[in-house]
Amino acid sequence: MDERERLTERFEEHRTHLRAVAYRMLGSVSEADDAVQEAWLRFNRADTGTVESLGAWLTTVVARVCLNVLRSREQRREEPLEAHLPDPIISHEDGSDPEGEALLADSVGLALLVVLDTLTPAERFAFVLHDMFTVPFDEIGPMIERSPAATRQLASRARRRVRGVASVPDADLTRRRRVVEAFQAASRGGDFDALVALLDPDVVFRADRAVGPTPAPIVLHGAHAVAKGASAAAERVRFTQPALINGAVGLVMAPRGRLFLVLVFTITDSKITEIDVIAEPDRLRQLDLAVFDV
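S.K.: Mind showing me how you'd approach the sheet that holds strand S6 (residues 271-278) here?
M.R.: Two strands in a sheet stick together by hydrogen bonds in their backbones, pointing the same way (parallel) or opposite ways (antiparallel). If you trace the 7 strands from one edge of the open sheet to the other, you get S2-S1-S6-S5-S4-S3-S7, paired in mixed fashion. The open sheet terminates on both sides in strands that have one partner only, identified here as strand S2 (218-221) and strand S7 (289-290). Two elements, strand S1 (residues 199-207) and S6, share 5 bridges in a ladder whose sense is parallel. Bridging across to S6, Val204 finds its partner in Glu274. Along the sheet, helix H12 (residues 223-232) makes contact with S1, S2 and S6, crossing S1 at roughly 50°.

Listed below in structure tokens is the structure:
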């Protein structure tokens, strides 16, 4: 075995772990793969003969690459966002795999990716490395030029954001989550009768103008009309997951881990009485999002 083959073999032993770190940091398969590739290039150029733990060294390298990407994103946040909601099913011409990306997002937790995207780069960095990959704070701190104590505070702040605070008691929250998950399942399956059973006869559905397909807001009244609309949106619902939205149960839609749309539910006596769909970027930025379990 020549030297290059030996280096490749050593790196490949850690590739799956490195990709997992990068994906949770960046929420994008393509960006995660780019970060791992950059780590490979740096590994090739470095003298790692005296490195005691290659896995830890490579994790540090890929984490630093991801931190640079996160900081670059933060600098672009002031750029205006388009109000148009893109179709979550993307073309295969760019070599991407939307089905594989959706499965990977589901395995991590789509809602978690969405909430992570609301954190500052330093908060996300500290939370992902410590809480998800058990990297000690005294190793994380130097990467972001913070003391271990300050890094601990960053992770703690991120943890509070991720977990959120529910606006209703746990028992009621669990019951409402079951209703929303049943709506999600029935929508995905196009089960019209199941949808009608979940909806109050006088349910009101409202969607802002960014949802489309018309430039004006959409308003539907009545269980049958709303169920018909939900069935027609089955393809989009495939990319949703339950989340806490302003402390209440809702659904987030985030193709490629980027938040594009939320459904906010009003539930009375186990029946859905109102559904508000929000896609306008300014409104999305004002929402307080959190996940149920981490």
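Back to the write-up after that little detour.
S.K.: Explain the packing of helix H7 (residues 121-132) against helix H9 (residues 148-163) here, please?
M.R.: Working note: a packed helix pair is described by the angle between its axes plus the distance between those axes. Relative orientation of the contacting elements H7 and H9 amounts to 90°, with a least axis distance of 8 Å. Here H7 is positioned roughly perpendicular relative to H9, judged by the angle of their axes. On H9, the residues that touch Ala122, Glu123, Ala126, Phe127, His130 and Asp131 of H7 are Thr151, Leu154, Ala155, Arg157, Ala158, Arg159, Arg161 and Val162. Broken down by class, the residue content of the contact of H7 with H9 amounts to 7 nonpolar, 2 polar and 5 charged.

What counts as what
- Residues numbered from 1 in each chain as written.
- Predicted model: local features only at pLDDT ≥ 70, side-chain atom pairs only at ≥ 80, totals over all residues.
- Heavy atoms only, no water.
- Pairing = 2+ DSSP bridges.
- Helix = DSSP H or I, 4+ residues; strand = E, 2+ residues; numbered from the N terminus.
- Contact = heavy atoms within 4.5 Å.
- Axes fitted to C-alpha atoms, helices over the stretch in contact; angles between N-to-C directions.
- Parallel < 35°, antiparallel > 145°, perpendicular 65-115°, else oblique.
- Nonpolar A, V, L, I, M, F, W, Y, C, P; charged D, E, K, R; others polar.

These figures come from the coordinates and say nothing about function on their own.
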